[in-house]
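# Chains, contacts and geometry: an overview
In case you want the letters, here they are:
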Amino acid sequence: MAGAVRGPSGGGSVCRSRDPAVYRSRDPVRNLRLRVRIQRVAPAGPVLPQAPPPLAGPERPGRAGSAAGEGAVPLAVIRASAAGARRAPEAEEEEAEVGWQEKLFSQFEVDLYLNESACQTPLDRQYHEEIRKLEKAGGRKNYRIFTYTDHDRFTNLEELCQKVTDSDHEVPSYLAERMANVRRRRQDRRPVEASSLKSKIITWEPSEEFIKNNHVINTPVQTMYIMGDLGPYGKLGHREYEHVLCTIKVDGNGVITVKPDFTGTKGPYRIELDGEKREVWEYTVENASARVQPEEEEREQRMFRDLYGRHRDYLNGLVGSEFEMPLPGTLRLFVNGEIVSAQGYEYDNLYVHFFLELPNQWSSPPFQQLSGVTQTCTTKKVGWDKVAYFCYPFTVEMFYTLEDEDSLPQWPVLYFEVLSLDFWQRYRVEGYGSLVLPASPGVHELTIPTWRPVELGTVAEMRRFFIGGSPELEDLTYVRVPSTFKGKRLSRFGFRTETTGSVTFRLYCLQQSKAFLESSALRQRMQSVLDRLGGFSQQSSVYNVLEAFQRARRRMQEARESLPQDLISPSASSMPQTQDL
């Protein structure tokens, strides 16, 4: 540590950064100890001796008539200035080891509290007794290094005058002035009894003192300042020479803030005083806390492991040892959905009615609701569109049971309609839409466009505007291919529609199946439908390819059936003849 401090002869580096450092410790803060060492360095600029007025005639010492002796400084004057420049060894360098909230008195406090008539508070009288004991024991050991604890007046004044920014011309705002009066500690606050809480829950006319005592930050903070008296020797105890060497703040969560940080290998900190001599002081701050013995550290680690193990067992007891699994051959689909918004519609006060259709081989628990209605939401202007933010959550749980491995699974479809409601309780259909639940787990945000049926002419639109009502679908599944349709072709010729707005959904999909855990099933993903469901990256492409192949195969069969038989038979009979040739 001595090598880190630069002596009067120079050498070594100086740390100019005074940024705070934040540490976290689970140990009691009373174990914290710091070692501070301060040393006076040569003045920052050259100090030239001032020559007194020359002595008159024969009283001036030295050789008379010598040109070199004219205007020279007398020998006695030089000796006197050298004697005055000397300092006591203990004043040039000092080292002190300080514990957390340990009080080291300054010369100013010793002079103040020795006078019993100046002690007004219980803390002042306590300091008076401690100083008297120190005087009887031979005086204090520290001269330049002293401390201000959390209970001293300096801590309150320092927080009151603390700046918000680093500007030299800072003008405190109203909030800064109000918060400057707030005490950031709660160790002096007394608990309020339950009876007073019941009697006065709200204070309608709080006083300034009431606001100061109750408007506090939730996290209690204790502060300690390590100070240095950098006055000249023989003039210790003047407040203008006091400088803050280090500030330590500890909150209730074990967070320790040290400003400036421990010196370490960065070199000492420097303080340059104002004045004619411009004296320079350098100091170091080190962590002098006793290190934990290996045996104690091992015992502490065992204690923490035992504590965490008991907490884990407690949580396992709450959750249960067996994780709920679906039956073999069953896929469990859990969807946490949200209807986020609807945008681009003609009228205001929108709401959405939706329901979920489960295909064959899909089921849901008896208590599961498969339909719902959102709240009515007023639109707001966002860009060129009017947007209604619903943020309506819904939860759906479904099960898929494997019955036929040759058939492709059909995923559930969410049908919805957007309606508007006016002041006279008239509603209008704004649009229809459908959404196939995603086949892969994860988060999906989908925007579904909608449409509504229209009639020719202006009468229908006037009726829609004045008395409400519009063409509606009797069956919402008509948005896609209805589940009740059994034919081969679904014709919508003559059905007039109009594109309206869109609805945004956010879906969080979870899938669970025992097939995902079996290693053999993972190696042979395409053996069964559930295994194909496990290959999320391949399922969508495989499903699309097989569906397109089936459509092409049906079109080929229909085209073959529509051809005349005479065209088919000659071609079939000509093939053997060609082969015979």
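Residues numbered from 1 in each chain as written. Predicted model: local features only at pLDDT ≥ 70, side-chain atom pairs only at ≥ 80, totals over all residues. Heavy atoms only, no water.

Per an unreviewed UniProt entry, the protein is named Meckel syndrome type 1 protein, and its organism is Lepidothrix coronata.

### Some thoughts on the overall build of the protein
Helix and strand counts for the protein come out as 14 helices and 19 strands. Taken over 581 residues, the protein has a buried fraction of 33%. Long-range contacts, defined here as pairs at least 24 residues apart, represent 74% of the contacts in the protein between residues at least 6 apart. Accessible surface, the protein: about 38400 Å² in total, of which carbon and sulfur atoms supply 54%. (Helix = DSSP H or I, 4+ residues; strand = E, 2+ residues; numbered from the N terminus. Buried < 20%, exposed > 50% of the residue type's maximum accessible area, 1.4 Å probe, protein only. Contact = heavy atoms within 4.5 Å. Areas by Shrake-Rupley, 256 points an atom, 1.4 Å probe, with all protein chains shown as cover.)

### Some words on the packing of aromatic side chains
Evaluation of the coordinates by the stated rule reveals 15 aromatic pairs. Their ring planes at 85 degrees and their centres at 5.2 Å tell us that phenylalanine 105 and tyrosine 127 sit as a pair that is edge-to-face. Here phenylalanine 105, found in the loop between strand 3 (93–99) and helix 3 (107–113), pairs with tyrosine 127, found in helix 4 (residues 122–136); they are 22 residues apart in sequence, far enough to count as distant. By relative accessible area, which is 4% here, tyrosine 127 ends up buried. Joined through ring pairs, the aromatic side chains of Tyr432, Trp451, Tyr478 and Phe495 make up one cluster. Cation over ring: arginine 26 sits above phenylalanine 304, and NZ or CZ is 4.1 Å from the ring centre. (Phe/Tyr/Trp six-rings, centres within 6.5 Å; stacked < 30°, edge-to-face > 60°. Lys NZ or Arg CZ within 6 Å of the ring centre and 35° of its normal.)

### With respect to the nonpolar core
The nonpolar side chains of a soluble globular protein tend to be buried, and buried together. Counting 30 residues, the largest nonpolar core has Leu34, Ile38, Ile226, Cys246, Ile248 and Tyr283 as its most contacted members. When residues of this core are traced back to their parent elements, those giving at least two are strand 2 (33–41), strand 3, strand 4 (145–148), strand 5 (221–229), strand 6 (242–251), strand 7 (255–259), strand 8 (269–272) and strand 9 (280–287). Apart from residues no more than four positions distant in its own chain, isoleucine 248 is found in contact with Leu32, Leu34, Trp100, Gln222, Thr223, Met224, Ile226, Ile256 and Thr257. Membership of the second largest hydrophobic core comes to 29 residues, among which are Ile339, Ala342, Phe354 and Val503. (Core = buried A, V, L, I, M, F, W, Y, C linked by side-chain atoms within 4.5 Å.)

### What to know about a nonpolar patch on the surface
A grouping of Tyr314, Leu315, Leu318 and Val319 is seen on the molecular surface, where their side chains present a nonpolar patch of about 450 Å² in accessible area. Of note, leucine 318 is situated in helix 9 (residues 294–319). (Patch = residues over 30% accessible without salt bridge, like charges linked within 9 Å, V, L, I, M, F, W, Y side chains within 5 Å. Salt bridge = Lys/Arg side-chain N within 4 Å of Asp/Glu carboxyl O.)

### Concerning the state of the cysteines
Evaluated as defined, the whole model comprises zero disulfides. Lacking any disulfide linkage, cysteine 377 is separated from the closest cysteine sulfur, that of cysteine 391, by 8.2 Å. (Disulfide = S-S within 2.5 Å.)

### Some words on helix 9
The periodicity of an α-helix, 3.6 residues per turn, causes residues three or four positions apart to be oriented the same way. Between its first and last C-alpha atoms helix 9 spans 37 Å; for 26 residues at 1.5 Å apiece the expected length is 38 Å, and the two agree. Glycine 320 occupies a position one or two residues after helix 9 and carries a positive phi of about 110 degrees. (Expected span 1.5 Å × (residues − 1).)

### A few points about the pattern of salt bridges
The final tally for this structure, using the stated rule, is 20 salt bridges. The salt bridge involving arginine 310 is made with aspartate 306; its shortest N-O contact spans 3.3 Å. Of the two residues, arginine 310 and aspartate 306 are both situated in helix 9; the distance of four residues between them amounts to about one turn of the helix. Residue arginine 506 is joined to glutamate 445 by a salt bridge in which the shortest nitrogen-to-oxygen separation is 3.5 Å. One end of the pair, arginine 506, is in strand 19 (residues 497–512); the other, glutamate 445, is in strand 18 (residues 442–453), with 61 residues separating them in the sequence.

### Topic: the sheet that holds strand 1 (residues 21–24)
Each strand in a sheet pairs with another by means of backbone hydrogen bonds, the pair being arranged parallel or else antiparallel. On the basis of which strands lie adjacent, the open sheet formed by five strands has the order 1-7-6-5-4 and antiparallel pairing. Strands at the two margins of the open sheet, each flanked by one partner only, are strand 1 and strand 4. Mean inter-strand twist for the sheet, computed between neighbouring axes without regard to direction, equals 20 degrees. (Pairing = 2+ DSSP bridges. Axes fitted to C-alpha atoms, helices over the stretch in contact; angles between N-to-C directions.)

### Things to note about the sheet that holds strand 3
Taken in spatial order, the four strands line up as 3-2-9-8 in an open sheet, and their pairing is antiparallel. For this open sheet the edge positions go to strand 3 and strand 8, each flanked by a neighbour on one side alone. Each strand of the sheet is rotated relative to its neighbour by a mean of 20 degrees, with strand direction disregarded. Sheet topology places strand 2 next to strand 9; eight bridges connect them, and they run antiparallel. Bridge assignment links arginine 35 to a residue of strand 9, and that residue is glutamate 286.

### Considerations on unusual backbone geometry
With an omega of -5 degrees, the peptide bond between lysine 259 and proline 260 qualifies as cis. In this fold, proline 260 is placed in the loop between strand 7 and strand 8. The phi dihedral of asparagine 349 is positive, around 55 degrees, even though this residue is not glycine. Secondary-structure assignment places asparagine 349 in the loop between strand 10 (330–343) and strand 11 (350–357). Looking at asparagine 349, the relative accessible area reads 26%, which means it is partly exposed. Here the phi dihedral of cysteine 391 falls at roughly 55 degrees; this positive angle occurs in a residue that is not glycine. Note that cysteine 391 resides in strand 15 (residues 385–401).

### As for the environment of serine 470
Of note, serine 470 is situated in the loop between helix 10 (458–466) and strand 19. In this structure the C-alpha to C-alpha distance between serine 470 and glutamate 430, which are 40 residues apart in sequence, comes to 9.1 Å. Discounting residues that sit within four places of it in the chain, serine 470 has contacts with Val429 and Arg464.

### A short note on the environment of aspartate 111
Within the secondary structure layout, aspartate 111 lies in helix 3. Owing to a relative accessible area of 47%, aspartate 111 belongs among the partly exposed residues under this scheme.

### A look at the pairing of strand 5
The buried fraction of strand 5 is high, at seven of nine residues. Relative to strand 5, strand 4 runs antiparallel, the two sharing four bridges. Bridging from a neighbouring strand, tyrosine 148 pairs with tyrosine 225 of strand 5. Taken together, the nine bridges between strand 5 and strand 6 define a ladder with antiparallel strand orientation. Within strand 6, the residue paired with aspartate 229 across the bridge is glutamate 242.

### Section: helix 4
Over its 15 residues, helix 4 runs 21 Å from end to end, which matches the ideal 21 Å to within 8%, given 1.5 Å per residue. Inspection of helix 4 places Asp124, Tyr127, His128 and Ile131 among the buried residues, and these make up the whole buried set. The arc that holds every buried residue of helix 4, seen down its axis, measures 110 degrees, which confines them to one face. Exposed positions of helix 4 whose direction lies more than 90 degrees from the buried face are Pro122, Lys133 and Lys136. Two residues or fewer past helix 4, glycine 138 is found with a positive phi of approximately 115 degrees. (Arc of directions from axis to C-beta.)

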